[in-house]
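Below are the chains, spelled out letter by letter.
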Amino acid sequence: MSPDFDRFLLSCSHERIVTLKDGRLLPTLLRPEGHHAQLKASRDIHRSCEGPLGPARFRRLSFTYNCFGMVLANRQCWVEPAPDCDIDSLLTSAGYRRHVRVGDVVSGDVVLYRAQDGAYVHIGLVLSATRDPAHATMKFEVLSKWGQDGEYIHQANDVPLLLGTPREYWTDTHANEPA
Amino acid sequence: MPTSQLEQHLATIESTDFRARVGLASRLDHYVRLIRTYPPFQSANEVLGHHPDLYTRAFDKACAALLTDTPEPFAHPNEDVLCAYLLLLQPNPVLGPQFAKRVLEHATRLGWAARIAKAVVLYQVAKEAESRKCVEDVRRHTLAPTHLSERTIYEPPAAVIAGAQAADILVAMTPSTHVRDEPQPGPSRRDMIRRLQDARPSADVLAAFAS
């Protein structure tokens with residue numbers, strides 16, 4: 001398959017534009033909702049992850065938005081940054097700044113997942129951040145949307161392999177804000 | 001033997017395993033990569049590469065997947081499979097655009113698949129014309145960001161509009177041998193809009209109103 005075709009394919013992917021905090025335009029899509037049977041099949045795929053012993057808790061399911069749409073567009077649409085889009089500048093445009101220290105992460109911050117090749121593939125919202133003195137680390141409970149499948153509450157590392165691993169944490173709070 | 005191999009690969013592509021894999025993609029490039037790197041997809045591609053006569057069989061399977069009953073206004077139940085078929089059939093200069101066109105005809109009921117179908121058609125059009133200018137023209141008329149940003153939320157999905165335009169372009173520009181079995185096209189959507197815009201009351205009509 002020619003790489004030329006792939007480039008062309010990706011240039012055709014935008015349907016709607018939303019404006020970010022600093023006026024930057026972000027391409028988005030409006031996708032049709034899945035039929036009840038489709039939604040059920042979609043949930044069944046990850047059923048083994050759910051339950052009291054599973055690593056993830058199901059929250060809701062809709063085909064109309066993805067993880068970026070959940071974080072950047074309030075679940076209103078499917079947000080698909082272009083492959084050559086600089087995610088750092090995108091999150092900065094949306095009012096976020098990168099956490100230098102993992103210990104500073106608080107509820108409401110954003111966690112960015114990257115694949116092995118460094119490409120960003122997934123994003124989630126931090127629900128809670130707790131210290132784990134036994135292992136001298138932090139534990140993050142995250143809410144994220146798994147592609148077109150469901151929204152799940154899970155530990156930061158407990159995502160399907162194809163969604164990468166948590167690499168960066170971003171916040172929209174600022175140091176000069178009143179406590 | 002290659003026929004049964006192909007059937008087997010296509011059956012795997014239509015299985016839940018494939019759906020579970022590609023459903024996780026949030027970005028189109030990731031999505032396309034997951035489809036292309038799916039081993040049964042690669043194997044099917046290889047079989048078709050060695051036995052081009054089997055494209056018709058893949059085309060028949062693709063059409064069967066497309067014609068699955070879809071209750072309005074939901075997404076097509078086989079949209080991931082359709083995307084795989086679109087990419088699988090794309091190298092075939094006849095069946096690729098023909099299937100893409102059929103998908104576009106169902107575009108009102110599709111979102112995800114129509115997007116790729118549109119790209120396949122546009123690419124095919126540009127390739128056949130063998131002209132850089134054509135690519136630029138297609139982009140300018142259907143996909144320019146300035147054009148998209150002017151759309152309001154009340155308009156029909158842009159994929160449908162662009163898809164219909166792409167289908168019109170395809171019919172207008174594809175050599176007649178490629179669409180031999182298709183009915184002759186009527187005026188394109190763009191022509192009709194242009195005609196409506198150009199329609200002005202004649203002097204006689206204006207005079208009649210004035211009197």
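Preceding block: the structure.
Here the structure is a predicted model, which means the values were calculated and not measured.

What counts, and where the lines are drawn
- Residues numbered from 1 in each chain as written.
- Chains lettered and ligands numbered in written order.
- Predicted model: local features only at pLDDT ≥ 70, side-chain atom pairs only at ≥ 80, totals over all residues.
- Heavy atoms only, no water.
- Helix = DSSP H or I, 4+ residues; strand = E, 2+ residues; numbered from the N terminus.
- Contact = heavy atoms within 4.5 Å.
- Areas by Shrake-Rupley, 256 points an atom, 1.4 Å probe, with all protein chains shown as cover.
- Buried < 20%, exposed > 50% of the residue type's maximum accessible area, 1.4 Å probe, protein only.
- Core = buried A, V, L, I, M, F, W, Y, C linked by side-chain atoms within 4.5 Å.
- Expected span 1.5 Å × (residues − 1).
- Arc of directions from axis to C-beta.

Q: What's the story with the overall build of chain B in this structure? I'm lost.
A: What chain B contains, in helices and strands, is 13 helices and zero strands. Starting at the N terminus, the α and β elements of chain B follow one another as α-α-α-α-α-α-α-α-α-α-α-α-α. Across chain B, the fraction of contacts at a sequence separation of at least 24, relative to all contacts at a separation of at least 6, is 65%. As displayed, chain B has an accessible area near 10500 Å², and 56% of this comes from carbon and sulfur atoms.

Q: How should I be thinking about the overall build of chain A in this particular structure?
A: The helix and strand tally for chain A stands at four helices and 10 strands. Shown N-terminal to C-terminal, the secondary structure of chain A runs as helices and strands in the order α-β-β-α-β-α-β-α-β-β-β-β-β-β. Put simply, chain A has 179 residues, and 49% of those count as buried. Pairs at least 24 apart in sequence give 55% of the contacts found in chain A among residues at least 6 apart. As presented, chain A carries roughly 8600 Å² of accessible surface, and 54% of it is formed by carbon and sulfur atoms.

Q: Where do I start with the nonpolar core in this structure?
A: One recurring pattern in soluble globular proteins: nonpolar side chains tend to sit buried together. Leu10(B), Ile13(B), Tyr31(B), Ile35(B), Phe41(B), Tyr85(B) and Phe99(B) are the most contacted members of the largest nonpolar core, which totals 40 residues. Where this core is concerned, the elements lending two or more residues are helix H1 (2-13), helix H2 (16-22), helix H3 (28-36), helix H4 (39-50), helix H5 (55-66), helix H6 (79-89), helix H7 (95-105) and helix H8 (112-129) of chain B. Apart from the residues within four sequence positions on either side, Leu10(B) is in contact with Ala44(B), Ala58(B), Lys61(B), Tyr85(B) and Leu88(B). Among the nonpolar cores identified, the runner-up in size contains 24 residues, and Phe68(A), Val110(A), Leu112(A) and Ile153(A) belong to it.

Q: How should I be thinking about H1(B) in this particular structure?
A: Residue pairs spaced three or four apart in an α-helix point in one direction, given the helix's 3.6 residues per turn. Residue and element names in this part refer to chain B. With 12 residues, H1 extends 16 Å from end C-alpha to end C-alpha; this agrees with the ideal 16 Å at 1.5 Å per step. Residues of H1 that are buried: Leu6, His9, Leu10 and Ile13. End-on view of H1: buried residues confined to an arc of 100 degrees, all on one side of the axis. Of the surrounding elements, those touching the buried residues of H1 are H2, H4, H5 and H6.

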